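# Residue-level structure breakdown
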Amino acid sequence: MNIAINILPKELRAKPLLDTQTFALIVIIVLLAFGSFYFYHAKSSDQTSTTNMQSQIATMQQQTRTLQSNPDALKLINSISQLQAAKQSYDAFVASRMLLGNALVGVYALLPTGVDIGTISQSGSNLVIQGKADNFTDVSDYGRALNNDPRFTLLGLPSFSNGSYTLTISVAQGGG
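Before going into details, it helps to say that this report is about the structure given with it. Here the structure is a predicted model, which means the values were calculated and not measured. (Residues numbered from 1 in each chain as written. Predicted model: local features only at pLDDT ≥ 70, side-chain atom pairs only at ≥ 80, totals over all residues. Heavy atoms only, no water.)

### Considering the pairing of strand β2 (residues 126–133)
Every second residue of β2 is oriented toward a common face, the buried set being Leu127, Ile129, Gly131 and Ala133 and the non-buried set Asn126, Val128, Gln130 and Lys132. Sheet topology note: the strand β1 (residues 115–123)/β2 ladder contains 8 bridges and is antiparallel. Residue pairing for β2: glutamine 122 is matched across the bridge by leucine 127. Where β1 hands over to β2, the hairpin turn is made up of 2 residues, of which glycine 124 adopts a positive phi near 70°. Here β2 pairs with strand β5 (residues 164–171) via 7 bridges, running antiparallel. In the strand pairing of β5, leucine 127 is matched with isoleucine 169. (Buried < 20%, exposed > 50% of the residue type's maximum accessible area, 1.4 Å probe, protein only. Helix = DSSP H or I, 4+ residues; strand = E, 2+ residues; numbered from the N terminus. Pairing = 2+ DSSP bridges.)

Printed below as a string of structure tokens:
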């Protein structure tokens, strides 16, 4: 067995170049230095951004005051408001109208064999379809096909008597 005996006094013995406490202290100092630099940079950047926004707000307020005192600009703003209101009214009017051509194309496209259309009359947003059919099954299939189409809603059961039928359907806004 080998025993190492150090006869040098503790003060004269070789010491490690960097102990754990010193290393931890250096790491903490470096982290604090980077943290304070980052904090300073972020604070400086925020102050610059705030200053820029304040100057832009002041510029916009000045432009707004200039436009509010300009009679031509006021006329244009009034005209734009009137045009927007007219466009909204026109869009509402167009949406409420039934485009009969589109609805009729859909009605004729879903027509099965054995069913003939005699007349189609309009009552508001409803269409009343009258015609001849071979049997009630064909008429009910036609009514179901119309009801399954998103453009139409069947209003009640079809009436069928002596080969004549009547269907009443509601047409979606705009006629499909």
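Moving on from the coordinates now.
### Examining the nonpolar core
Among the nonpolar cores identified, the biggest contains 15 residues, and Val107, Ile129, Tyr142, Leu146, Phe152, Tyr165 and Ile169 are the most heavily contacted of them. Apart from residues lying up to four places away in sequence, isoleucine 129 is in contact with Val107, Ile117, Thr119, Ile120, Tyr142, Leu146, Tyr165, Thr166, Leu167 and Ile169. (Core = buried A, V, L, I, M, F, W, Y, C linked by side-chain atoms within 4.5 Å. Contact = heavy atoms within 4.5 Å.)

### Topic: unusual backbone geometry
One non-glycine residue with positive phi stands out, namely asparagine 162, at about 55°. With respect to the helices and strands, the residue asparagine 162 is situated in the loop between β4 (159–161) and β5.

### As for the pattern of salt bridges
The tally for this structure, following the rule as stated, stands at 2 salt bridges. One salt bridge in this structure joins arginine 144 and aspartate 141, with 2.8 Å as the shortest N-O distance. Of the two residues, arginine 144 and aspartate 141 both sit in helix α4 (residues 136–148), 3 residues apart, roughly one turn of that helix. What makes arginine 144 partly exposed here is its relative accessible area of 42%. (Salt bridge = Lys/Arg side-chain N within 4 Å of Asp/Glu carboxyl O.)

### A look at a nonpolar patch on the surface
Taken together, the side chains of Leu17, Leu18, Phe23, Ile26, Val27, Val30, Leu31 and Phe34 define a hydrophobic patch exposed on the protein surface, amounting to about 850 Å² of accessible area. With respect to the secondary-structure elements, valine 30 resides in helix α1 (residues 20–69). By relative accessible area, which is 38% here, valine 30 ends up partly exposed. (Patch = residues over 30% accessible without salt bridge, like charges linked within 9 Å, V, L, I, M, F, W, Y side chains within 5 Å. Areas by Shrake-Rupley, 256 points an atom, 1.4 Å probe, with all protein chains shown as cover.)

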